[in-house]
Amino acid sequence: MAFTKKTVRDADVAGKRVLMRVDFNVPLKDGVVTDDTRVRAAIPTIEYLKDKGAKIILMSHLGRPKGDGPEPQFSLKPAADKLAELTGYDVKFVDDTYGEKAKAAVDALQDGEILVLENVRFDKREKKNDPEIAKTLASYGDVFVLDAFGTAHRAQGSVVGPAAYLPAYAGFLLEKEVDTLTSIFAEPERPFVAIVGGSKVSSKIGVLDHLIDSADTLIIGGGMAYTFFLAKGYTVGTSLKEEDWVERAGEMLKKAEEKGVKILLPIDNVVADHFGEDAEGEIVDSDKIPDDRMGMDIGPKTRELYADAIKAAKTVFWNGPMGVFEMDQFAAGTEAVARAVADSDCTSIIGGGDSVAAINKFGLADKMSWISTGGGASMELVEGKALPGVEALLDA
């Protein structure tokens, strides 16, 4: 399934001011970028524009500032520094987004130069998609490029706004993300195994439904598994559960059975008496979780079961961890799944969010076919929803 919008290849950018929305929403610690995946993902489009002699103005959000003005801990300066470090380019930064200082920095740009504006969310009008924000941003450019797949599902000022005022195009990352995530469901090489983890059934109900329609095997882990256990009549102790979604989980199990789709749920679990770094795990079967224990990870028998299913797959889609992988004592399930995917000969698509963090934690990123930069955007695309950012681009 080919991308149906215009891309930067279709744009005349030589000597033009190119306003580009990137996703530099990166994790920071002590003012330093701790995971540069998203910065790296934007580089191919930036390099292309620089080679063509464009004046490049980059904008992004980072974190969740209140929107009442600058908050130093959410500044994009560390992301700009990381881009300079990764590319060797001179990357300019201006600590302003919508004011005279930003305008002056844009006006001073020469062909091939790169400027990073300050966090677009330092003004609350950005999230409200205020047209004044869009007009101001659009005034900086002659061409608009959207390459922020991670925010393409949000109808916000810097994501969709400039497309109303400027010729708009997709960057290479956005193009690749949309192509990859739509084609995997249109014509997957089979067996197609989908792995869905994370805490809640409610947040991934559309994804689960869609996967039952397209996958051969659906593997479920993480906190959401315990809601499915309740649907099967098990007790789950103090594990995370969504009582309101038990009936819906049962319907999905029935739908899968009717369609001949195999759903794999954990057969054993690592449980603990509380949630904490000092918690100690013990292994119990899924139908024997004690009343005073909570599920924290899949158990060793489940790891083997899941690894065997992944080994047989030709295509794998994975979104969401198998347990509380941030705590090393409960990371074995997520690591086992990650290594099984890495060791498989399958085409592997990692659907953003915590799955990417897990892949990076275990040093397996280079073993995956495609790692999506967008958690929520990936999921909405998998559900078959239109992404506002993509829809705002002009039709090819």
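Before going into details, it helps to say that this report is about the structure given with it. Only a predicted model underlies this, so the values are computations on that prediction, with no experimental measurement involved. (Residues numbered from 1 in each chain as written. Predicted model: local features only at pLDDT ≥ 70, side-chain atom pairs only at ≥ 80, totals over all residues. Heavy atoms only, no water.)

So, the overall build of the protein chain
The cut-off we apply is this: Numbering of helices and strands starts at the N terminus; helices are DSSP runs of H or I of at least 4 residues and strands are runs of E of at least 2. For the radius of gyration, the atom set is restricted to C-alpha positions; the globular benchmark scales as 2.2 Å times the number of residues to the power 0.38. Partly exposed residues are those whose accessible area sits between 20% and 50% of the maximum for their type, while under 20% is buried and over 50% is exposed, using a 1.4 Å probe and protein chains only. We call two residues contacting when some pair of their heavy atoms lies within 4.5 Å.
Within the protein chain, the regular secondary structure consists of 14 helices and 17 strands. Against the compact-globule benchmark of 21 Å for 396 residues, the protein chain has a radius of gyration of 22 Å, which places it among compact chains. Seen through its C-alpha atoms, the protein chain measures out along the principal axes to roughly 70 × 45 × 35 Å. With 396 residues in all, the protein chain has 57% of them scored as buried. Of the contacts formed within the protein chain by residues at least 6 apart in sequence, a portion of 73% connects residues at least 24 apart.

Quick notes on unusual backbone geometry
For the bond running from R190 to P191, omega is 5°, close enough to zero to count as cis. Within the element layout of this structure, P191 appears in the loop between α6 (172–186) and β9 (192–196). The phi dihedral of D30 is positive, around 55°, even though this residue is not glycine. The residue D30 is located in the loop between β2 (28–29) and β3 (32–33) in this model.

Side note on the layout of surface pockets
Let me state the cut-off plainly: A pocket here means an open set of points on a 1 Å grid, computed over the protein atoms alone, that has protein on both sides within 12 Å along at least five of seven lines. A cavity is instead a set of points where a 1.4 Å probe fits but cannot get out; residues with an atom within 4 Å of a point line either one. Grid points are joined across faces, edges and corners, and a volume is the space filled by probe spheres set on the points. Charged residues are taken to be Asp, Glu, Lys and Arg, nonpolar residues to be Ala, Val, Leu, Ile, Met, Phe, Trp, Tyr, Cys and Pro, and polar residues to be all remaining types, Gly included.
By volume, the largest pocket amounts to about 650 Å³. Every element with two or more residues in the lining of the largest pocket is listed here: α1 (37–51), α12 (354–361) and α13 (375–382). For the lining of the largest pocket, the leading source of residues is α12, giving three residues. Considered class by class, the residues forming the lining of the largest pocket number four nonpolar, 15 polar and eight charged.

Structural notes on empty space enclosed by the protein
Enumeration according to the criterion identifies one cavity of 30 Å³ or more in this entry. For the largest cavity, the full set of lining residues is V22, D23, R38, A41, A42, D147, L173 and T373. If one sorts the elements of the lining of the largest cavity by residue count, α1 sits on top with three residues. Its residues placed into classes, the lining of the largest cavity shows four nonpolar, one polar and three charged.

Here's the deal with the pairing of strand β1 (residues 17–21)
Put simply, the rule is: The criterion for strand pairing is that DSSP finds at least two bridges linking the strands in question.
By the criterion of burial, β1 is predominantly enclosed, with four of the five residues buried. Judged from the five bridges that link them, β1 and strand β4 (residues 55–59) form a sheet pairing that is parallel. Bridge assignment links R21 to a residue of β4, and that residue is M59. Alignment of β1 against strand β7 (residues 143–146), held across four bridges, turns out to be parallel. Looking across to β7, one finds that L19 is bridged to F144.

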